[in-house]
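Per-entry structural report
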Amino acid sequence: MQESCKEQTPSPLRLNIGGTTPLDGWKIMNVQPGENVDYIGSCTDLGQFNNSTVDDVYASHIFEHLSYVDELVDTLKGVHRILKTGGTLKVSVPDFDVLCIMFLYPSLSGEQRFYIMNMIFGGQQDPYDFHKVGLTWEFMSSYLDQAGFSSFRRVDEFGLFENDCSSIKLGGQLISLNIIATK
């Protein structure tokens, strides 16, 4: 059952943008309807959420699907807008620095290099599964700063949800850039 945050705001509201796996205490927003989806919509339009009504946002392997020209900063500003003061954005994206370096490892098989290429450009299984930007700590820090976040720091992984992309490893190496940003 999809709901609108403007009609009914659970307290606290913890929002998993782009998720599909339920977790107690979290609501799911996804661009595609699904069994566990509470809110249908694009992360580029968070208009269904009032200002300062969300305690925490989790977005794992979502923001690389946005254009760095305008969509990414605008979306991060939207997340900032809906977060309560002191609220956090937990963001995980493919770490472009790590992936570029790993792609050149001579010991990798063709299959492993193809997997890395897939992480860089997206799985391309549906219209929403294309990556438009490669993100690094330097780039994400700049985008988070432009969006108004007061602080941000790297973490190794989140491990919040089953099959959490923040914990993906290739050859024992974590391949995601994981950041906690605070409003």
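Structural data are supplied above this passage.
This text gives an overview of the structure that appears in the document. (Residues numbered from 1 in each chain as written. Predicted model: local features only at pLDDT ≥ 70, side-chain atom pairs only at ≥ 80, totals over all residues. Heavy atoms only, no water.)

1. Looking at unusual backbone geometry
Here the phi dihedral of Ser52 falls at roughly 55 degrees; this positive angle occurs in a residue that is not glycine. Along the polypeptide, Ser52 turns up in the loop between strand S3 (39-40) and strand S4 (54-60). (Helix = DSSP H or I, 4+ residues; strand = E, 2+ residues; numbered from the N terminus.)

2. Considerations on empty space enclosed by the protein
The full count for this structure, using the stated rule, is 1 cavity of 30 Å³ or more. As a volume, the largest cavity reaches approximately 50 Å³. What lines the largest cavity is Glu64, Pro94, Asp95, Phe96, Leu99, Met119, Ile120, His131, Val133, Gly134 and Leu135. Here the residues of the lining of the largest cavity are counted per class, giving 7 nonpolar, 2 polar and 2 charged. (1 Å grid on protein atoms, 1.4 Å probe; cavity = no way out; pocket = protein on both sides within 12 Å on 5 of 7 lines; lining within 4 Å. Points joined across faces, edges and corners; volume = space filled by probe spheres on them. Nonpolar A, V, L, I, M, F, W, Y, C, P; charged D, E, K, R; others polar.)

3. Details of the packing of aromatic side chains
Both the distance between ring centres and the angle between the ring planes are used here to describe each pair of aromatic rings. Counting across every chain of the model gives 6 aromatic pairs. Taking the centre distance of 6.2 Å and the plane angle of 65 degrees together, the rings of Trp137 and Phe152 count as edge-to-face. Taken as a pair, Trp137 in helix H4 (residues 137-147) and Phe152 in strand S6 (residues 151-155) lie far apart in primary sequence, 15 residues in all. Its relative accessible area of 24% is what places Phe152 among the partly exposed residues. Ring pairing ties together the aromatic residues Trp26, Tyr58, Phe158 and Phe161, which thus form one cluster. (Phe/Tyr/Trp six-rings, centres within 6.5 Å; stacked < 30°, edge-to-face > 60°. Buried < 20%, exposed > 50% of the residue type's maximum accessible area, 1.4 Å probe, protein only.)

4. So, the pattern of salt bridges
Under the criterion given, the structure shown has 5 salt bridges. For Lys90, the salt bridge identified is with Asp56, shortest N-O distance 3.6 Å. Linking Lys90 in strand S5 (residues 83-94) with Asp56 in strand S4, this pair joins segments that are 34 residues apart in sequence. Of the two residues examined, Lys90 and Asp56, each falls in the buried class. The salt bridge partner of Arg154 is Asp95, with a shortest N-O separation of 3.1 Å. Placement of the pair is Arg154 in strand S6 and Asp95 in the loop between S5 and helix H2 (96-103), with a sequence separation of 59 residues. (Salt bridge = Lys/Arg side-chain N within 4 Å of Asp/Glu carboxyl O.)

5. Here we look at the sheet that holds S6
A sheet is described by the order of its strands in space; here 7 strands give the open sequence S3-S2-S1-S4-S5-S9-S6, paired in mixed fashion. Of all the strands in the sheet, just S3 and S6 have a single pairing partner and so form its edges. (Pairing = 2+ DSSP bridges.)

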